[in-house]
Amino acid sequence: MVHDYATTTNGTSKRCSALPTTNTVDVSSVSDLFEFICSGPLVNKIGITPQRVGQSIDKWLLYGSQLCRLFQLNELKLTIPQKARLYHYYIPVFIWCEDQIALHNSKFKDGDDVPPLVIGFSAPQGCGKTTLVFALDYLFKTTKKKSATISVDDFYLTAEGQAELRKKNPGNALLEVNAQHFYFLYLFFSLNLWSWLLVCIQYRGNAGSHDLKLSVETLEALSKLTKEGLKMKVPRYNKSAYSGRGDRADSSTWPEVEGPLSVILFEGWMLGFKPLPADVVKAVDPQLEVVNKNLEAYYDAWDKYIDAWVVIKIQDPSYVYRWRLQAEIAMRQDGQAGMSDEEVNDFVSRYLPAYKAYLPTLYAEGPSGSDPDRVLAIDIDEERNPILAN
């Protein structure tokens, strides 16, 4: 489940290989689709009754048709996994988001400048959150609601900033270069290419590797896009730069968004993580202690801006390795620079301690500072399909 890109640089559509493909089945009658929708694992959780589905079945058909067009699927011959992904996952989440926007707007009076609702999507890497947000953003646009999408990735330090981070944290594998590059350190040092190497081999991701000032500035500016004609460019990160190590994209390539915004979709693998007692994180990995300390600044930079949450829950953090590998293979097949299988293994290993430390609290207590009534928790399996929680 890999989202390539919504558009090319000239604005034309580009194919998105986002849904599973197996043998197709005919989409039969509306009554059969009604039964299928009602059998989904999310309908009861988000308060979609069979009566409500029946009253809005035309809307479900429209949303399904629009998503099929987005993902270049034949809506009359969907695979069972594709049908489930649309009608059990993407569309129910979109309807929940619409309800959250309506609740948010109801708190303001006529004539007020209504800031956009910020919905946070917290989910491990590779589980499909970017594709989900991509689909939601498309549906918002087709329903004439203006939306903006941002990711924690957009706020990673520049490649140069990552190099500085490594220098400040020598010996911490969660924030610095790995041991397999020591030979290359010597080689490039001898060739006077030390500064170039520092840029190329940094690892991004854990708390401390983000430009929190940029994220605050971005979120504050987006929240002020309440009128027609107000515009701004939104930061983006180029993951394929420096052989997959990444760097902030040139500002000339950043997308422009225009008000009035109805919603901001903010996604990230560590959104909502809460700092834990030092002894708890040290028991998982002593190197997490500095990461845990860095995390203390993230609530004010990210989480406090988020009004409603979607938390995608996984049963086993080891799923991340498989998903990341799939993403890198897809990048290489698309002609982009990507990490090798060995580099993927090393890369993911730097995130697993954080998952093991912080996911249990996130799943048990919800995101940092969240309102339990405005959190949608979705359990998914290894194939990224929503399932009923145990």
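See above for the structure.
Quantities reported herein were computed from a predicted structural model and do not represent experimental measurements. (Residues numbered from 1 in each chain as written. Predicted model: local features only at pLDDT ≥ 70, side-chain atom pairs only at ≥ 80, totals over all residues. Heavy atoms only, no water.)

(A) Structural context of the pairing of strand β3 (residues 117-122). For β3, the buried fraction is high: six of the six residues fall into the buried class. A two-sided burial pattern is seen for β3, the buried positions comprising Leu 117, Ile 119 and Phe 121 on one face and Val 118, Gly 120 and Ser 122 on the other. Two strands pair when backbone bridges link them, and β3 and strand β9 (residues 263-268) are joined in this way by six bridges, in the parallel orientation. Within β9, the residue paired with Ser 122 across the bridge is Gly 268. Across four bridges, β3 lies against strand β10 (residues 308-314) in parallel orientation. (Buried < 20%, exposed > 50% of the residue type's maximum accessible area, 1.4 Å probe, protein only. Helix = DSSP H or I, 4+ residues; strand = E, 2+ residues; numbered from the N terminus. Pairing = 2+ DSSP bridges.)

(B) Highlighting the environment of Gly 40. Turning to its location among the elements, Gly 40 is positioned in the loop between α1 (30-38) and α2 (50-55). On the basis of relative accessible area, Gly 40 is assigned to the buried category, the value being 11%. Linking Gly 40 and Leu 388, residues 348 residues apart in sequence, is a C-alpha distance of 8.8 Å.

(C) Expanded view of the pattern of salt bridges. Under the counting rule described, the total for this entry stands at 15 salt bridges. Note that Arg 52 and Asp 99 form a salt bridge whose closest N and O atoms lie 3.1 Å from each other. Residue Arg 52 is found in helix α2, and its partner Asp 99 is found in helix α4 (residues 80-105); the two are separated by 47 residues along the sequence. The exposure class of Asp 99 is partly exposed, given its relative accessible area of 30%. (Salt bridge = Lys/Arg side-chain N within 4 Å of Asp/Glu carboxyl O.)

(D) View of the nonpolar core. Counting 100 residues, the largest nonpolar core has Val 93, Ile 119, Leu 222, Phe 266 and Trp 302 as its most contacted members. Examining the composition of this core, we find that twelve residues originate from one element, α4, more than from any other. Looking at which domains feed residues into this core, each of domain 1 (26-88) and domain 2 (111-183 + 196-380) supplies at least three. If we ignore the near neighbours within four places in the chain, the residues touching Trp 302 are Val 152, Phe 155, His 210, Leu 212, Ser 215, Leu 219, Phe 266, Met 270 and Leu 271. (Core = buried A, V, L, I, M, F, W, Y, C linked by side-chain atoms within 4.5 Å. Domains from an automatic or database assignment. Contact = heavy atoms within 4.5 Å.)

(E) Spotlight on the sheet that holds strand β11 (residues 375-380). Spatially, β4-β9-β3-β10-β11-β12 is the arrangement adopted by the six strands of the open sheet, whose pairing is mixed. Two strands lie at the open edges of the sheet, namely β4 (147-151) and β12 (386-387), each paired on one side alone. Taken together, the six bridges between β10 and β11 define a ladder with parallel strand orientation. The partner of Trp 309 across the bridge, within β11, is Val 375.

(F) Inspection of the packing of aromatic side chains at higher detail. Overall, the coordinates contain 15 aromatic pairs when judged by the stated rule. Measuring from centroid to centroid gives 6.2 Å for Phe 71 and Tyr 90, while their planes differ by 40 degrees, and the two rings are tilted. Of the two residues, Phe 71 sits in the loop between α3 (57-70) and β2 (77-79) while Tyr 90 sits in helix α4, which places them 19 residues apart along the sequence. Exposure remark for Phe 71: the relative accessible area of 3% places this residue in the buried category. For Tyr 90, a relative accessible area of 0% puts it in the buried group. On the numbers, 6.2 Å between centres and 85 degrees between planes, the contact of Phe 155 with Phe 266 is edge-to-face. Here Phe 266 lies in strand β9 and Phe 155 lies in the loop between β4 and α6 (159-168), a separation of 111 residues in the sequence. Pairwise contacts between aromatic rings join Trp 269, Phe 273, Phe 347, Tyr 351, Tyr 355 and Tyr 358 into one cluster. (Phe/Tyr/Trp six-rings, centres within 6.5 Å; stacked < 30°, edge-to-face > 60°.)

So yeah, pure geometry; function would need other evidence.
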